[in-house]
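# Working through the structure, step by step
Here is how the chains run, residue by residue.
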Amino acid sequence: CSRIPRQPPLPAFRLYAERKRRGRPILHSSDTALRQPFFHHIYVEEGAYSYPFTQTLLARFTKAAGVPILHYKDVFCRGHQDILREKQSPALILAVKSAPFLYPGAPVCQDFGNAGFYYTSCVMNCIYDCAYCYLQGMYPSGHIVIFVNLEDYLREAEAFSARNPLYLCVSYDTDLLAMEPLLGFVREWSALAARCPGLTLEIRTKAAPVPFPDTLPVLGNVIYAWTLSPQKIIDAYEKRTPSLDRRLASAACAAAQGRRIRFCFDPVLRVENWQTLYEDLVRQAFAAMPPGSVTDAGIGVFRVSQAYINQMRRTRPGCPLVQFPFALQDGICCYPDSGEMCDFMRRQLRRYLPDRQIFG
């Protein structure tokens, strides 16, 4: 398709041209009420087009060109992509996910003392652009994949939690709360948690909705986990994310509504004067919210697999965060003094929380 710059020919684009020649729908949206110029194209798998969610989403965009494709990997996994350029103006890819929908939690991730630790990815990639994010080592693309068959995810999670306790992280590979106005997936997951007592959800986020949406139910088995960073790190390395003050204001609003709140100091980054920055960060966090309003806190230093860091270094050759001379331990790249860094953070948090509420 000549309207898609700097992209090699694909079978999907030939399909697009054929549909255009025959006068079949090209999936342009028509609703002018909600515009999102951030997404210049919406690629749609043939199997995803029949889902009502697909039609609803397409109807919300006027500027994005709709392009039918055979499979999401035709666009998302093609070679020689420029991730940083795609992150500046990503496309949406609507696809249908096949089973399995739940995956065991990785050893480098925290289970916060919960049994049945799993994660799921109903969206791949994030609207934010953090220089240290492991997704740029995990995925070959900066585009965002949305799996439109959320009902299949919900059914599998419901069946699992009926047999065994399930602690499910639904926002590891994206920021679902940031995309909630567009997708409504947090609302759907919350509705599942409301009827499944064996299910506990963690929703990790850097978003900052204020006031916090009262359309989301207040539930004891849903934890909103805010990733917190010093403002200097946000300014330098967390492109398009809300400020620290806005994140804390959103967390405080959610806590005032009775929601369970988790503070995640993860990843702690070894930048200049990092001890001072993170000591101030912990102080700011608990000045914004009394300790009794915080369910628990997680600590984690920067860590990523060797394969991911190699790709991240190719993507960002000038970024000191990913070019650091890490130590390699069991296939994981981390700081040589990671243990001491965690101990430092634990000492800061002990001023506000008991040990049983500190993880990492």
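See the structure printed just above.
Report follows, based on the coordinates. (Residues numbered from 1 in each chain as written. Predicted model: local features only at pLDDT ≥ 70, side-chain atom pairs only at ≥ 80, totals over all residues. Heavy atoms only, no water.)

## What to know about the overall build of the protein
For clarity, the cut-off: Counting from the N terminus, the helices are the DSSP runs of H or I reaching at least four residues and the strands are the DSSP runs of E reaching at least two. Accessible area is worked out with a 1.4 Å probe on protein chains only. A residue is then buried under 20% of its type maximum, exposed over 50%, and partly exposed in between. Any two residues whose heavy atoms approach within 4.5 Å at even a single point are treated as in contact. Surface accessibility follows the Shrake-Rupley procedure with a 1.4 Å probe radius. Residue values consider only the protein chains on display as shielding.
Along its length, the protein carries 14 helices and 18 strands. Every one of the 360 residues in the protein was classed for burial, and the buried ones make up 54%. A separation threshold of at least 6 residues defines the contact pool for the protein, and within that pool the share at least 24 residues apart is 76%. Total accessible area on the protein is roughly 15600 Å²; 53% of this is exposed by carbon and sulfur atoms.

## Observations concerning the packing of aromatic side chains
Under the convention used in this document: Any pair of Phe, Tyr and Trp rings, taking the six-membered ring for Trp, is counted once the centres come within 6.5 Å. Such a pair is stacked with planes under 30 degrees apart, edge-to-face with planes over 60 apart, and tilted for the rest. Charges are assigned to positions over rings by a cutoff of 6 Å between ring centre and Lys NZ or Arg CZ, combined with an angular limit of 35 degrees from the ring normal.
Tallied over the entire structure, the rule returns 23 aromatic pairs. Aromatic pair Phe212 and Trp226: ring centres 6.1 Å apart, planes at 65 degrees, arrangement edge-to-face. One end of the pair, Phe212, is in the loop between strand E10 (199-205) and strand E11 (222-227); the other, Trp226, is in strand E11, and 14 residues separate them in sequence. Each of the two residues, Phe212 as well as Trp226, counts as buried. Here the basic side chain of Arg262 rests over the ring of Phe112, its NZ or CZ set 3.5 Å away from the ring centre.

## Focus: the sheet that holds strand E16 (residues 327-329)
Formally: Two strands make a pair as long as DSSP finds a minimum of two bridges between them. For helices, the fitted axis covers only the stretch in contact; all axes are lines through C-alpha atoms, and the angles between them, taken along N-to-C directions, range from 0 to 180 degrees.
The sheet built from three strands is open, its strands ordered E15-E17-E16 with antiparallel pairing. Each having just a single partner strand, strand E15 (303-305) and E16 make up the two edges of the open sheet. Ignoring which end each strand starts from, the neighbouring axes of this sheet average 35 degrees apart. Sitting on the sheet, helix H12 (residues 306-315) touches E15, E16 and strand E17 (332-334), and the angle it makes with E15 is about 95 degrees.

## Considerations on the side chain of Asn125
Assignment of secondary structure puts Asn125 in the loop between strand E6 (123-124) and strand E7 (129-130). Excluding anything up to four places from it in sequence, Asn125 contacts Phe76, Leu135, Tyr139, Ser141, Gly142, His143, Ile144, Asp173 and Thr174.

## Regarding the sheet that holds E11
Taken in spatial order, the eight strands of this open sheet run E4-E5-E9-E10-E11-E13-E14-E18, and their pairing is mixed. Since the sheet does not close on itself, it has two edges, and those belong to strand E4 (103-104) and strand E18 (358-359), each with one partner. Here E10 runs beside E11; their pairing, made up of five bridges, is parallel. For Glu202, the partnering residue across the bridge sits in E11 and is Ile223. Those strands touched by helix H8 (residues 185-195) are strand E9 (166-169), E10 and E11, and its axis lies near 155 degrees from that of E10.

## Examining the environment of Leu92
Here Leu92 lies in strand E3 (residues 92-95). The exposure class of Leu92 is buried, given its relative accessible area of 0%. When the C-alpha atoms of Leu92 and Ile144 are compared, they prove to be 5.1 Å apart, with 52 residues separating the residues in sequence. With residues up to four places along the chain from it excluded, the contact list for Leu92 reads Phe39, His41, Ile42, Tyr43, Leu57, Phe61, Ile144 and Ile146.

## Brief notes about H8
Every α-helical turn comprises 3.6 residues, leaving residues that sit three or four positions apart pointing alike. To keep it simple, the criterion reads: Picture the helix axis, draw a direction to every C-beta atom, and the arc is the one those directions span.
Turning to H8, its buried residues are Phe185, Val186, Trp189, Ser190, Leu192 and Ala193. Each buried residue of H8 lies within a common arc of 155 degrees when the element is viewed along its axis, so the set occupies one face.

## Topic: the pattern of salt bridges
Defined as follows: Salt bridge criterion: a side-chain nitrogen from Lys or Arg within 4 Å of a carboxyl oxygen from Asp or Glu.
For the structure shown, the criterion picks out 17 salt bridges. Glu202 is paired through a salt bridge with Arg204; the nearest N and O atoms lie 3.2 Å apart. Each member of the pair, Glu202 as well as Arg204, is classed as buried. We note a salt bridge from Arg247 to Glu238, for which the minimum N-O separation is 2.6 Å. Given the relative accessible area of 2%, Glu238 is considered buried.

## Overview of the packing of helix H11 (residues 274-288) against helix H14 (residues 338-349)
Helix-helix packing is characterised by the crossing angle of the two axes and by the distance between the axes. Stated formally: Should an angle fall under 35 degrees it is called roughly parallel, over 145 degrees roughly antiparallel, and 65 to 115 degrees roughly perpendicular, with every other angle called oblique. Should the near helix be turned anticlockwise from the far one by less than a right angle, the crossing is left-handed, and should it be turned clockwise, the crossing is right-handed. Each residue receives one of three labels: charged for Asp, Glu, Lys and Arg, nonpolar for Ala, Val, Leu, Ile, Met, Phe, Trp, Tyr, Cys and Pro, and polar for the others, Gly being one of them.
Remark: H11 packs on H14, axes separated minimally by 10 Å, with the N-to-C direction vectors making an angle of 30 degrees. Classified by the interaxial angle, the pair formed by H11 and H14 is roughly parallel. Considering how the two elements wind past one another, H11 and H14 form a crossing that is right-handed. Facing Trp274, Gln275, Tyr278, Glu279, Val282 and Phe286 of H11, the residues of H14 in contact are Met341, Phe344, Met345, Gln348 and Leu349. The class makeup of the residues in the contact of H11 with H14 is eight nonpolar, two polar and one charged.

## Focus: the pairing of strand E8 (residues 144-147)
Where burial is concerned, the two faces of E8 agree: the one with Ile144 and Ile146 and the one with Val145 and Phe147 are both buried. Here E3 runs beside E8; their pairing, made up of four bridges, is parallel. Its bridge partner being in E8, Leu94 is matched across the sheet by Ile146. Pairing between E6 and E8: two bridges, direction antiparallel. Considered in E8, the bridge of Met124 is made with Val145.

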